[in-house]
Every structure is written in C-alpha cells, then in structure tokens.
2 protein chains.
Amino acid sequence: MSGKANAIIAQSGGPTAVINSSACGVIQEAINCGKIGKVFGSENGILGVLKEDIFDITAEKPQTIDALKRTPAAAIGSCRYKLKSLDKSRADYERIIDVFKAHDIHYFFYCGGNDSMDTADKVNKLAAEMKYELICVGVPKTIDNDLAFTDHCPGYGSVAKYVATCAMNAGRDTEALYTTDTCSILEVMGRNAGWIAAATGLARRERQDAPHLIYLPESPFTFEQLIRDVRETLKEFKRVFIVCGEGLRDEKGQYITADSGKLGTDSFGHVQLGGIAETLKAVIEKEVGIKTRFNKPGTNQRSAMHFASFTDVNEAYMVGIAAVRMAMQNVSGKMITLVRQAGAKYICTTGTATLSDVANGEKKVPREYINKEGNGVTSAMLDYVRPLVMGEAAVTIGNDGLPVYMRFEKYFVAKKLPAYM
Amino acid sequence: MSGKANAIIAQSGGPTAVINSSACGVIQEAINCGKIGKVFGSENGILGVLKEDIFDITAEKPQTIDALKRTPAAAIGSCRYKLKSLDKSRADYERIIDVFKAHDIHYFFYCGGNDSMDTADKVNKLAAEMKYELICVGVPKTIDNDLAFTDHCPGYGSVAKYVATCAMNAGRDTEALYTTDTCSILEVMGRNAGWIAAATGLARRERQDAPHLIYLPESPFTFEQLIRDVRETLKEFKRVFIVCGEGLRDEKGQYITADSGKLGTDSFGHVQLGGIAETLKAVIEKEVGIKTRFNKPGTNQRSAMHFASFTDVNEAYMVGIAAVRMAMQNVSGKMITLVRQAGAKYICTTGTATLSDVANGEKKVPREYINKEGNGVTSAMLDYVRPLVMGEAAVTIGNDGLPVYMRFEKYFVAKKLPAYM
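Everything numeric in this text was worked out from a predicted model, so none of it was measured.

A. Representation of the overall build of chain A. Within chain A, the regular secondary structure consists of 12 helices and 11 strands. The globule rule puts the C-alpha radius of gyration for 421 residues at 22 Å, and the 22 Å found for chain A is close to it. In terms of principal-axis extent, the alpha carbons of chain A reach across some 70 × 45 × 45 Å. Counting across all 421 residues of chain A, residues that qualify as buried make up 55%. The long-range fraction of contacts in chain A, counting pairs at least 24 apart against all pairs at least 6 apart in sequence, stands at 76%.

B. Highlighting the relation of the copies chain A and chain B. Aligned on chain B, chain A shows an RMSD of 0.0 Å; the corresponding rotation is 180° and the shift along the axis is 0.0 Å. Overall, the copies show the geometry of a two-fold rotation axis.

C. Just the interface of chain A and chain B, in detail. Listed as interface residues are 57 residues of chain A and, on the opposing side, 57 residues of chain B. Taken together, the elements giving at least two residues each to the side of chain A that touches chain B come down to α6 (156-176) and β9 (291-295) of chain A. Sorting elements by how many residues they give to the side of chain A that touches chain B places α6 of chain A first, with 11 residues.

D. Seen up close, helix α9 (residues 276-287) of chain B. Residues and elements named next belong to chain B. For α9, which comprises 12 residues, the first-to-last C-alpha distance of 16 Å matches the rise-based estimate of 16 Å (1.5 Å per residue) to within 8%. Within α9, burial applies to I276, A277, L280, K281 and I284. Down the axis of α9, the smallest arc covering the buried residues is 135°, so these residues share one side. In this fold, the buried residues of α9 make contact with β6 (182-188), α8 (223-237), β8 (239-245) and β9 (291-295). The positive-phi residue at the C-terminal boundary of α9 is G289, with phi of around 75°.

E. Layout of the sheet that holds β9 of chain A. Residue and element names in this part refer to chain A. If you trace the four strands from one edge of the open sheet to the other, you get β7-β8-β6-β9, paired in parallel fashion. If you trace the sheet from one side to the other, it starts and ends with β7 (213-215) and β9, each paired once. Adjacent strand axes in the sheet meet at a mean angle of 20°, parallel and antiparallel pairs treated alike. When strand β6 (residues 182-188) meets strand β8 (residues 239-245), the two strands line up parallel, connected through seven bridges. The partner of T182 across the bridge, within β8, is R239. Helix-sheet contacts for α6 involve β6, β8 and β9, and the interaxial angle to β6 is about 165°.

F. Layout of the sheet that holds β8 of chain B. Residue and element names in this part refer to chain B. What the four strands build is an open sheet, ordered β7-β8-β6-β9; its pairing is parallel. Only two strands of the sheet have a single neighbouring strand rather than two, namely β7 (213-215) and β9. Here the average twist between neighbouring strands, direction ignored, is 20°. Against the sheet, helix α6 (residues 156-176) engages β6, β8 and β9, with an angle of about 165° to β6. Across the sheet, α9 touches β6, β8 and β9, and the angle it forms with β6 is around 160°.

G. Spatial organisation of the pairing of strand β2 (residues 36-42) of chain B. All names here are of chain B. Buried residues dominate β2, accounting for six of its seven residues. As defined by bridge partners, strand β1 (residues 5-11) adjoins β2 across four bridges and the pair is classed as parallel. Looking at the pairing, I8 lines up with F40 of β2. Crossover handedness for the path β1 to helix α1 (residues 19-32) to β2: right-handed.

H. Region of interest: the packing of α1 of chain B against helix α10 (residues 310-328) of chain B. All names here are of chain B. In contact at an axis separation of 7 Å, α1 and α10 are set at 35° when each is read in the N-to-C sense. By crossing handedness, the relation of α1 to α10 is classed as right-handed. Residue-level contacts link S21, S22, A23, C24, G25, V26, E29 and A30 of α1 to V313, A316, Y317, M318, V319, G320, I321, A323, V324 and R325 of α10. In terms of residue class, the contact of α1 with α10 is built from 12 nonpolar, four polar and two charged.

I. View of the environment of S309 of chain A. Examined against the element boundaries, S309 of chain A turns out to sit in the loop between β9 and α10 (310-328). Look at S309 of chain A and you get buried, because 27 C-beta atoms sit within 10 Å. Between the C-alpha atom of S309 of chain A and that of D98 of chain A, which follows or precedes it by 211 residues, the distance is 40 Å. What S309 of chain A contacts, discounting residues up to four positions off in sequence, is G157, S158, K161, L388, V389, M390, G391 and A393 of chain A together with G401 of chain B.

J. Highlighting the domain arrangement of chain A. Residues and elements named next belong to chain A. Domain assignment breaks chain A into domain 1 (5-142 + 306-360) and domain 2 (156-304 + 370-389). Relative placement of domain 1 and domain 2: their C-alpha centres are 33 Å apart. Between domain 1 and domain 2, the residue contacts involve 18 residues of the former and 14 residues of the latter. For the side of domain 1 that touches domain 2, a count of residues per class yields nine nonpolar, five polar and four charged.

K. Region of interest: the confidence of the model for chain A. All names here are of chain A. Residues at a pLDDT of 70 or more form 95% of chain A, whose mean pLDDT is 93. Predicted confidence for residues 259-273 stays below pLDDT 50, and this span has 30 contacts to residues more than four positions away or in other chains. For this predicted complex, the interface confidence reaches an ipTM of 0.94, while the overall pTM sits at 0.95.

The rules behind each value
Residues numbered from 1 in each chain as written. Chains lettered and ligands numbered in written order. Predicted model: local features only at pLDDT ≥ 70, side-chain atom pairs only at ≥ 80, totals over all residues. Helix = DSSP H or I, 4+ residues; strand = E, 2+ residues; numbered from the N terminus. Rg over C-alpha atoms; globule rule 2.2 N^0.38 Å. Buried ≥ 20, exposed ≤ 12 C-beta atoms within 10 Å, placed from the backbone. Contact = placed C-beta atoms within 7 Å. Least-squares fit on C-alpha atoms with pLDDT ≥ 70 in both. Expected span 1.5 Å × (residues − 1). Arc of directions from axis to C-beta. Pairing = 2+ DSSP bridges. Axes fitted to C-alpha atoms, helices over the stretch in contact; angles between N-to-C directions. Right-handed = clockwise from strand over helix to strand, strands pointing away. Left-handed = near helix turned anticlockwise from the far one by under 90°. Nonpolar A, V, L, I, M, F, W, Y, C, P; charged D, E, K, R; others polar. Domains from an automatic or database assignment. pLDDT = per-residue confidence, 0-100.

Written as structure tokens, this is what we have:
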C-alpha cells in the first residue's frame, strides 16, 4: 500500500467480554504503525459500512481508546446482519467497496466468528476482482470457541472463568441447603458446541464439588439418562448440580427445546433456543420428585469484564496487534489465530489461517474431552481450558464501587454516497 | 455466666455471600474472648440442634476458620425448617434446651432473617421459663434487606453490587446490538421487598445506561404500564433494559406469576415464585413485537463472593464480633443491628434490637425511594445503597485461576440424647 491509506474496523455477532480488547489492539497499533491515516469505526458491523455510518476513532481521546481494553460488549456496535453469497448479494459487496473507495479505506479489520470471516473473505475476493487495493484481516472472536484453525478464541477464556465461578458459587449455595434432596441447574450458552458448559468442569476440584453433571450438545441427550444420573448423584451427595448447554440435542440431532414462536429465529436463520433449563427442571421435579431451581446468566456470562480472564484480555489485545502487523506486510485474506506451543508451560503466540477455511470450519468439543458416560468432561478438557482462565483482568472501579466503562464520542464522517437502500 | 460454658452457632434460611463472614466474626471473637469453652456448629440451622448434629469448630484449623470470611453460602449448613409457636412446637423448643444442657451450651448465636429471630426469641423465652442460663443473640443476615430496626442487612451490599454490575454489563451487551429495537430483562431476587431490584439503579450513571425501567414488588404492576414504558423507552433509545423483582404484584396485591406446581411452596409456606421474566418476555414480544431475552442470575446473585462488597464483608464480620461482645455482657434476646451515623460521610456502627420486635417487623422500600411513575428509583434510594457496595472483597484465587473456598472438617461430637423423631 502506498501513502497513508485509511483503515476501518468492524465488530460482528454476539458481544464478548474482550472483543473491545481486540479492537483496542487494532486501533492502537494502527495509530502507532505510522503507515495508516485515519482509523474508522463501522457502526454496527458491516451495516455501518453499507449505510456509511462511519466514525473517526482517531479523533477519540487516547484514554477512551485505552479504556476499550477494559470495557465489555462491542463499543463500535455489532450486528447480526449476514450477507449472502457473492451471486445473491453482489450489490451489497460492491457497495462495501464503493464506500471503502469513497473514504480511501484500504485496510479492513473484521472482528467476529465464522459468518464474519465469510463476509471478510468475500469482500477480499471482490476487491481483487475489482482491482481495488484492499487488505482484509479477520480478528477472531466468539465465546463459543467453535472457530477452526485456532487453538481457542478470544472471549472464550473469560466466559469459561465466569461460568466455572458461577458453578463454584451456586454449588456452595446448593450445598448449604442440603437438608432435603435438591437440584440446581446452570444453563450456559453454546448453541452447537459445548465448550462453555465443558469449562465448568474446572469448578469440580473435589468429587463432591459442583457441577456433578455436565451435558453438552456434542453428546446425544436423553431424559432417561438425565433421570438415572440425577438419582445416582443424589444417592452419593443428597444434592445434584447440573450444567447444561442451551443447545442439547437428542439422538437424532434434534434440539431438545426450541422456541418456535414467531421471534424464534435470528436474522442468520439460527433457531433461538431457550427453555432447556425449564424443561430439565420440569422433568426432574416430575420424575425424581425433588425441588429444582435454575440459574440462567444469559448475556451476563459474555459481558462480565469485572471478572474477565487476564490471559484472555491480553490474548485478545495481542490478536488485534498481530492483525495490524500482518496488514502492514500486505497480507490479505487471513485471520489471526492463537497458537499454543507444545510443552507443559502454557505459551501462546499468534499464527494465521485462510479466511475461507475458517468460514467453512467448525470446532466442536472432541470425544476425548467428554467422559464415556456423556455427562461430564475428562482431564484432557480441563488441561486444555485451565490456562485460558488464569489471572484477573484489572477493571477500573469508579468512586461508586462499580466498574467504569468507556463509550466513543462517535465523530461521524460526512456521507459521500447515496443512501443505502 | 460462670466458668467456661460452650457456645453454638447456627445459620438459617437462604445463603448470602457474607453469612460466613459473620460466622467468622462470631467464632474468632468467641475463641479470643477467653470466656467461652468450645464453639460448636449446628449443622443445617436449628435442625442440627434438634438432631444433635453438632460439630466442634474449635477443633478446626485456624486458617479454615479465617477462610470463612471469604467463602460464600453457609459453611455450617443452613435449613428452611421453621418452628411453630411455643404452644404448637413446645416439644421442639424443649428438645433444643435439652441438647444445650447435654453439651453445656449457654450461648446461642443464630444467624438469619425474621423467621430465625422468631425462633431465637422463643428459645430465649423458654430458657428463661425453664430457668436455664442461656444467652441468645441474633445475627442479621438476608440479601432481601427487609429486616426492621437495622439500617441494612449484611448480605445486601454484596448482592446490590452484583446485580448493579450485571445490569451494567448486560446493558452494554444490549446496547452493542441495537440495530433493531430490542429488549433485555434482568430478573433479580426479592419476594416481597424490592431492595435488590432497586439497587440496580446504581448502574444508571447516564440516562441512556441500563436499567431504563425497574419494577419493584412495592409498586402495583400492570401490563398496560409495562407496554407503555417499553414503547416510550424504545422511542428514546431503540433498546430497553428492564429489571424486575421476582415478586411483582398487581393492584390487588396478587403475585403476577406464581408457580402453582406441587413443589411450588417451600416448607415455610412461602409461595415459590418464578417465571416473571418469562411472562414479561412473552407479553413484550406479543404486544410490542420486539425480540426480548432475559437473564436470571438466580442463586449466583447471593453467592458471588468473587465480587462481593468489601464494605459488606467487613460489616458482616463486625456484626459477628459485636454479637459475642454483647453476649459477654450477659445481654440476651437481642439482635445486633447496623447503625448508619448521620452526616455526609458514611460511618456504620452496631446497635441492638429486641428479637421479638425484629421477628414481627418487615422493612420495604419506602415510597420516597421509588419514582412517581413506579418504574424506577429516586436519588434518595441511590444515596442509601451507594456506600454499601463500596470496595471489592479480597477473595483468594487458586493456581487454577478460580476462587478458593473452605469447607469444615466437621468433627461431630458424640450424641448424648435419644434420637430426634
């Protein structure tokens, strides 16, 4: 790239505790590298580009940008808008290039999961076809940890730490009231992959510790087994603490519970799940006859910067920096990955993977990480996740005893193109 | 009291993040005061006394006792067993005195809410009637903050800090995805009193911050107002974040939602509530037509020692120490209270209240703490709660990145009486 071209960064999909930490890495490195003009933010993912809702992050205060590292959710704004294939959505892709041209944008950093990598890949290919000089770099993000070609995803370590601590705390609560047999359920996120549920295994340092049972989408779920598992656990401990992923499936691969209401699918066509904890509670109360309650942290599990993993925050930031450094070498069409070095000591560096490969891949919890009964995890799973939850992020606490987060001023640039229809 | 009589401590009702901090204060002061022989723990509240399930806490390692201060839930074991009136449950009350006699117990520290203060009061009165030398001291505990005669209750500050942070974090998550109108609901505990829900008002530093709407059991709730409030908030922010207490009631004082299943009441006869968030979600999706999701932290909100309020932990500990100091002055039949000194600077000391008064009292959120629309809180409420959430408790983090909590070894004493029927 010649001269000082501008860069744009966008965030997509479900927020995480550290997607802003990655953005902070991208922005600070882009400003510091000396080869980039302005760094723009695309408000609400790719929609911001399409609508030309673009603001100048370079004009924000440096301390605002720095505070990004310690602010959860997606400060630039996210979206769930999915572009279709190049054939079907060609006008949209061309519009993206047009907007980039209009604002002299030649670097595109897209932070998201599979779908975002797919979008970035298509933008990259169209730019090449149109001979528009563009460097497209993917920045991985997902609490689900289901991206292929990376050891793990920024965002996962923090949600893992959060849900494991939830299991530990609520497990003590269940234990404190064990004068009668009792059951608690913790429902965690993870539609197709059980990485989040599996991480709660960290809380079980001793056999009596919660969680006693962990059910993942990767293992076919049956109510018969649930009832048997609950009865056996009660015999041993007079209490049972269950963790379930939201996307449990039966032996035929059908979701156990799917909200079929009219608002039951998101705009990606994903079925919106819910109610698995309620379903399990009803079955256990009816069949086993014990009081059952459930906790459903919901979006709190992916936004808990106040107890985020220090390792995760740092790796998210590192990935952002690596994205810019790769762009400076004029490498396009790649996503930054996290690479775990071999050996007993946890060392993590960055690598790269091709966007189209990532877009089409999916990484589920492997069979050897799940116990043979399909109701818990193995030590291999715990060895995998343990380093990722290490350390506590240093969140800023205000003089009111609560975390302090930033917001951008959002200095929007003047629009140069006709409105997006 | 002459000689070195023994003491017993029991924990009752729903656990909190800091009920163990109070136990730590009682136990350490009882050991240090030089006038108490053994300190026993009554496993699972008053049931432990009745069943003679008593263990010797003096035999535990000092570091185990010290770690109590940083361990959530109820390490001695709690229960929801409620004794009836002296007339109806006289045999039970006499059994309690018999067990105390058998183990030379002359100090009884009971940590709980209204119901526990009622039990302690009755034990105290029967002991006097039977001329058994006994000092009964109540140690206040409840996340609900509904005990009368105390400025606030140990346990409340921590849950307030937790739910306010939940609103702050999840509020940013909702904000990040505001490409379409969207609604998030945070359901918090509080059956009859809205103190917990009201505390989330702390998260709203700016008008656009979550939560935009807070509904408390103290204000009659109507779906008409909900729908109107949601529509108005959407107009202003394109998103709405709602906090609701679990015990919302209509204009006739009836619960909006009450689980009527056979396991729907606890052994105190309280109706087990649930489903208010689900109900609100269904109404909003149907009437307003926007995607709505909910978070229900459940027991995680009352067991979150990893982000407990330092003020709360210290006050809980202070209350435990004050209980023993009062006992050493041979004062019986009182509960320790927290007394807020007048003035701008927050200073809190301890006082006392009569057990029977506390047992019959209840403190709801006063009208002047609720806004005139009944959908939010006033600055008076925020001024009340702000000091209680200050500071972060120093939880011990293990080499696996997660909190470290203690468990008692529980050296049970030999039973001396016939089994409890």
